[in-house]
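Report on the structure
As a plain string of letters, each chain reads:
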Amino acid sequence: MNHHLSERINNMSTSATLAMAAKARELRNQGKDIIGLSLGEPDFNIPDFIKEAAKRAIDENYSSYSPVDGYADLKQAISNKFKRDNNLDYGLNQIVVSTGAKQSLANIAMCMLNKGDEVILPAPYWVSYSDIVQLAEGVPVEVPTSIDTDFKMTPSQLAAAITPKTKMIWFSSPCNPSGSVYNEKELQGLANVLKKHPNIFVVSDEIYEHINFRGGHVSIAGMEGMYERTITVNGVSKAFAMTGWRIGYIGAPEWIAKACTKFQGQITSGANAIAQRATITALEAPVSKIKYMIDEFHKRRDILLELLGSIEGFNLNVPEGAFYVFPDISSFFGKTLRGTTLRTASDFSLFLLEHALVATVSGESFGNDNCIRISYAASEKELRDAAARIKEALS
Ligand code: PMP
Ligand code: GLU
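Cut-offs and rules
Residues numbered from 1 in each chain as written. Chains lettered and ligands numbered in written order. Predicted model: local features only at pLDDT ≥ 70, side-chain atom pairs only at ≥ 80, totals over all residues. Heavy atoms only, no water. Near = heavy atom within 4 Å. Polar contact = N/O pair within 3.5 Å; in protein donor to acceptor, adjacent residues only side chain to side chain. Helix = DSSP H or I, 4+ residues; strand = E, 2+ residues; numbered from the N terminus. Areas by Shrake-Rupley, 256 points an atom, 1.4 Å probe, with all protein chains shown as cover. Nonpolar A, V, L, I, M, F, W, Y, C, P; charged D, E, K, R; others polar. Core = buried A, V, L, I, M, F, W, Y, C linked by side-chain atoms within 4.5 Å. Buried < 20%, exposed > 50% of the residue type's maximum accessible area, 1.4 Å probe, protein only. Contact = heavy atoms within 4.5 Å. Pairing = 2+ DSSP bridges. Axes fitted to C-alpha atoms, helices over the stretch in contact; angles between N-to-C directions. Left-handed = near helix turned anticlockwise from the far one by under 90°. Salt bridge = Lys/Arg side-chain N within 4 Å of Asp/Glu carboxyl O. Expected span 1.5 Å × (residues − 1).

What about the site of ligand 1?
Inspection of the region around ligand 1 gives Gly-100, Ala-101, Lys-102, Trp-126, Asn-176, Asp-205, Ile-207, Tyr-208, Ser-237, Lys-238 and Arg-246 as its neighbouring residues. Side-chain polar atom of Tyr-208 to an oxygen atom of ligand 1: 2.7 Å apart, as the coordinates give it. The dominant element in the shell around ligand 1, judged by the number of residues it contributes, is helix 5 (residues 100-112), at three residues.

Concerning the site of ligand 2
Taken together, Ser-15, Thr-17, Leu-18, Leu-39, Gly-40, Lys-102, Trp-126, Asn-176, Lys-238, Tyr-324 and Arg-373 make up all the residues around ligand 2. At 2.8 Å, a side-chain N or O of Arg-373 approaches an oxygen atom of ligand 2. Summarising the interface, the protein chains cover 87% of the accessible area of ligand 2, which totals 280 Å² for the free molecule. Among the residues forming the shell around ligand 2, the class breakdown is four nonpolar, four polar and three charged.

Here's the deal with the nonpolar core
Membership of the largest hydrophobic core comes to 110 residues, with the highest contact counts inside it found for Ile-108, Met-168, Trp-170 and Phe-314. In this structure Trp-170 touches Leu-105, Ile-108, Ala-109, Val-119, Ile-120, Leu-121, Pro-122, Tyr-129, Ile-132, Val-133 and Val-203, once residues within four positions along its chain are discounted.

A short note on the pairing of strand 7 (residues 230-235)
Counting buried positions over the six residues of strand 7 gives six, a clear majority of the element. Side chains Thr-230, Thr-232 and Asn-234 project from strand 7 onto one buried face, and the interleaved Ile-231, Val-233 and Gly-235 project onto a second face that is buried too. Here strand 6 (residues 201-205) pairs with strand 7 via four bridges, running parallel. Bridging from a neighbouring strand, Val-202 pairs with Thr-230 of strand 7. Where strand 7 meets strand 8 (residues 248-251), four bridges bridge the pair, whose relative direction is antiparallel.

Brief notes about helix 6 (residues 127-135)
Among the nine residues in helix 6, seven count as buried, and that is most of the element. Residues of helix 6 that are buried: Val-127, Ser-128, Tyr-129, Ser-130, Asp-131, Ile-132 and Val-133. Where helix 6 terminates, the next one or two residues include Glu-137, which has phi positive at roughly 70°.

A look at the side chain of Asn-212
Here Asn-212 is to be found in the loop between strand 6 and strand 7. By relative accessible area, Asn-212 is classed as buried at 9%. A distance of 3.0 Å separates a polar atom in the side chain of Asn-212 from the backbone nitrogen of Arg-214. If near-sequence neighbours (up to four positions away) are discounted, Asn-212 is found in contact with Pro-174, Val-181, His-217, Glu-320 and Gly-321.

Here's the deal with the packing of helix 5 against helix 6
One way to put it is that helix 5 packs onto helix 6 with a least axis distance of 8 Å and a crossing angle of 35°. The handedness of the crossing between helix 5 and helix 6 comes out as right-handed. Contacts between helix 5 and helix 6 involve Lys-102, Leu-105, Ala-106, Ala-109 and Met-110 from the first element and Ser-128, Tyr-129, Ile-132 and Leu-135 from the second. Considered class by class, the residues forming the contact of helix 5 with helix 6 number seven nonpolar, one polar and one charged.

Considerations on the pattern of salt bridges
Throughout the structure, instances matching the rule amount to 21 salt bridges. In this structure, Asp-150 and Lys-152 form a salt bridge, with 3.5 Å as the shortest nitrogen-oxygen distance. Of the two residues examined, Asp-150 and Lys-152, each falls in the buried class. The residue Lys-152 makes a salt bridge to Glu-186 at a minimum N-O spacing of 3.0 Å. With a gap of 34 residues between them, Lys-152 in the loop between strand 4 (139-144) and helix 7 (155-161) and Glu-186 in helix 8 (residues 184-195) connect regions that are remote in the sequence. Looking at Glu-186, the relative accessible area reads 27%, which means it is partly exposed.

Some words on the sheet that holds strand 4
For sheets, the rule is that strands pair by backbone hydrogen bonds, running either parallel or antiparallel. The strand order across the open sheet built from seven strands is 2-8-7-6-5-3-4, with neighbouring strands paired in mixed fashion. At either end of the open sheet lies a strand with only one pairing partner, and these are strand 2 (95-98) and strand 4. In this sheet, neighbouring strand axes are inclined to one another by 20° on average, regardless of whether the strands run parallel or antiparallel. Relative to strand 4, strand 3 (residues 118-123) runs parallel, the two being bridged by six bridges. Directly across from Ile-120, in strand 4, lies its bridge partner Val-141. Strands strand 2, strand 7 and strand 8 of the sheet are contacted by helix 4 (residues 72-86), whose axis makes an angle of about 115° with strand 2. The strands touched by helix 6 are strand 3, strand 4, strand 5 (166-172) and strand 6; relative to strand 5, the strand with the most contacts, the crossing angle is about 155°.

Focus: helix 11 (residues 291-309)
Residues three or four positions apart in an α-helix share a direction because the helix packs 3.6 residues into each turn. The terminal C-alpha atoms of helix 11, which comprises 19 residues, lie 27 Å apart, in line with the 27 Å expected from a rise of 1.5 Å per residue. Taken together, the buried positions of helix 11 are occupied by Met-293, Ile-294, Phe-297, Arg-300, Arg-301, Ile-303, Leu-304, Leu-305 and Leu-308. On its buried face, helix 11 is in contact with strand 9 (324-325), strand 14 (372-375) and helix 13 (380-394).

Quick look at the structure:
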């Protein structure tokens, strides 16, 4: 019956991260002992002080529609956070709160792109960028990077990818899926290229800002000439383990924020009221309150790098942020293991699911055919067991 559906939905791929998580859940329900390292979701509980704020909000009857772009006091807390953490000045009319950063990104695409507008995506990129851009009839232009440049786009690669049709660049730092973090010099190099192209806009997805093991997060909006054409995207899913509460936000030029509010007002209205109230408490808290989670991710990264590094054929960078490793496993291509010939990253990821009972995500949907993504938002025991199983299955 799919021919009755719109071309729009028929042309869209299913989110690979969510699809793999669903598959792992299904296999678990069938009694299989799957270790799920596919989903980018902190395994911590929401900190108690944030939960208390949500409970208070229920008792205080925050039950009506909120303003479409978010409560004013939440936007004030976001404005303060931008100043405190990023030295960026965003007034309340430049901020829009949405149902997750995913909706923030969809708003931007629908408000900024016309048919045929090109959007540069340094690859690997977060899985949904490409489909969100295409939904808005934009054309994703992938700029492949490799482990040799720590999966970062260089200024000359950016310059070479720009055409008269280039409208935007979307990237995340710390990056999902590579964990790479652009330092100030690297971002300045990209900003220097953009100086010659004043009509290109930038989406800077900073949702992993706090999960940065080197420290010194840099926002491209703070660089000369960039503030007027950067949309800074952030949210509470990752740093505060609030994935299911669905709050994301942007800081942007006022005219862009206004357009996103108009669009959101026709699609979903304001984000969940209780979650918005809780987000005020989350953002007002000093970052030190969530440091225990970041320290734990750091520790797990080191453990996982050591374990995977001992498996022959895994080529790893040292991710400085987020909670993913993105090993290049192309050395296995063409090999036959347990009767299966591994030709692609998807073959490899499925092989691990079947023979190691470990769920990962193939790099193909992130725009890289040589790698798989492994999330270490899982317990140390799960990581150790998973690495042992992978090693065994590949031996
Ligand atoms: N951007 C990146 C880079 C992500 O990894 C995610 C995944 N959660 C999102 C945006 C969307 O986050 P959410 O909708 O949960 O705020
Ligand atoms: N962003 C997370 C991931 O990359 C959560 C899943 C999703 O929203 O796609 O795994």
